[in-house]
Amino acid sequence: MLLLQFININKPPEKISGGTISIGFDTSNDVVIDEPGISDFHAEITIEENRIFLSDLLSENGSFVNNHRISRNKELHPWDRIKLASIEIEVSESEKYRPGDWALKKESDLLNSQYLLLQTSTYVGRDPDCDLVILDGLLSRKHTLLTIDGNRLLVKDLHSTNGTFINDIKIDNAYATPGDEITFDKITFKVLGPSPYTSSLLVEESTIIRDDIEEETTLLSSTDEDVNNDNTRLFQNKEKTTLLPISKNTERPIKNSFISKHRSDWSWAIAGFILSLLIGLAFYFFLR
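Predicted, not measured: the structure shown is a model, and the values here were computed from it.

Take the overall build of the protein chain next. Each helix and strand in the protein chain was counted, giving two helices and 26 strands. For the protein chain, the proportion of its 288 residues judged to be buried stands at 31%. Put simply, of all contacts in the protein chain between residues at least 6 apart along the chain, 34% involve residues at least 24 apart. When the accessible surface of the protein chain is summed, it comes to about 19,500 Å², and 51% of that surface belongs to carbon and sulfur atoms.

A few words now on the confidence of the model for the protein chain. The predicted model of the protein chain has a mean per-residue pLDDT of 76, with 69% of residues at 70 or higher. Ranking the helices and strands of the protein chain by mean pLDDT puts strand β7 (residues 63–65) first, with 97, and strand β26 (residues 241–245) last, with 34. For the stretch residues 197–255, pLDDT sits under 50, and the model shows 71 contacts to residues farther than four places along the chain or on other chains.

The sheet built from six strands is open, its strands ordered β2-β1-β11-β10-β7-β8 with antiparallel pairing. Either end of the sheet is taken by a strand with one partner, and the two such strands are β2 (14–15) and β8 (68–70). Pairing of strand β1 (residues 2–6) with strand β11 (residues 87–93) involves five bridges; the strand directions are antiparallel. Pairing of Leu3 across the sheet is with Ser92, part of β11.

The next subject is the pattern of salt bridges. Scanning all chains against the criterion turns up four salt bridges. We note a salt bridge from Arg51 to Glu75, for which the minimum N-O separation is 2.8 Å. A residue pair is termed long-range when its members are at least 10 positions apart, and Arg51 in strand β6 (residues 51–56) and Glu75 in strand β9 (residues 74–76) qualify at 24 residues. Take Glu75: its relative accessible area is 22%, and that puts it in the partly exposed class. The salt bridge involving Arg81 is made with Glu88; its shortest N-O contact spans 3.6 Å. A relative accessible area of 29% means that Glu88 is categorised as partly exposed.

Take His42: it is sitting in the loop between β4 (31–32) and β5 (43–48). We classify His42 as buried; its relative accessible area is 0%. If near-sequence neighbours (up to four positions away) are discounted, His42 is found in contact with Ile23, Gly24, Gly37, Asp56, Leu57, Ser59, Gly62, Ser63, Leu84 and Ala85. At 2.9 Å, the side chain of His42 forms a polar contact with the backbone oxygen of Gly62.

Considering all chains together, one arrives at one aromatic pair under this definition. Each ring, one from Phe184 and one from Phe189, has its centre 5.8 Å from the other, and the planes form 55 degrees; the classification is tilted. Each member of the pair, Phe184 as well as Phe189, carries the same accessibility label: buried. Over the ring of Phe6 we find Lys11; its NZ or CZ atom is 5.6 Å from the centre of that ring.

Rules of the game
Residues numbered from 1 in each chain as written. Predicted model: local features only at pLDDT ≥ 70, side-chain atom pairs only at ≥ 80, totals over all residues. Heavy atoms only, no water. Helix = DSSP H or I, 4+ residues; strand = E, 2+ residues; numbered from the N terminus. Buried < 20%, exposed > 50% of the residue type's maximum accessible area, 1.4 Å probe, protein only. Contact = heavy atoms within 4.5 Å. Areas by Shrake-Rupley, 256 points an atom, 1.4 Å probe, with all protein chains shown as cover. pLDDT = per-residue confidence, 0-100. Pairing = 2+ DSSP bridges. Salt bridge = Lys/Arg side-chain N within 4 Å of Asp/Glu carboxyl O. Polar contact = N/O pair within 3.5 Å; in protein donor to acceptor, adjacent residues only side chain to side chain. Phe/Tyr/Trp six-rings, centres within 6.5 Å; stacked < 30°, edge-to-face > 60°. Lys NZ or Arg CZ within 6 Å of the ring centre and 35° of its normal.

Here it is as structure tokens:
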């Protein structure tokens, strides 16, 4: 069921049902908004074949959907933001997960569409006073406390008998991020929330293998023998350590340089021989 949830005024939600819903200042409207800037007949919502549309009724201060001004038949979707003059309204879906909220999703085919929304502090356990009650005999009465802390979820095991786990690692007090899996005894949920899907249990500083070399690097491997042993050069700059694979073409400049050196030596030897021969002939004719 879709609702009109009023954000910046104290007004109860309105159900979106029926064929047409008129919105405005006039008391004859289906949804009356008695606020400055709202026209007598400001906008209307129509429902056609399970699709919902918003139209502006030539209001003085306009109608907006997700910060874009609209005129006629703008289709609405769950979690869209409507603005009528200065009044903000959200299209919400009752008992459904809104992207960006903190929630747990049951890892079960039978309950795949069930989302459990988290509060700032959520107690998990068998006790009826818990916020999330799991009626399983292996869970403790108060098993775990989940606390929203910015873009992370603090998971604290409450000395439970069978433990709390994040990504199959038993924890006492640790952070979880969206995409992680939390297991209470053997019951697993996936964490949904506003931050990127990166596991909180991964080591932040890791070695990176790259195919390119940044401009400011220092070669730590000093001998050709070390390079040839592991086919890897180790480069380091101020921020990271980088492992770079050695290309087979690396040996070419060394080989070409060696050949060039030998060619140069032969050239000097031949020139010296010819010069010596000419000097010898000159002395021979002079003495004769």
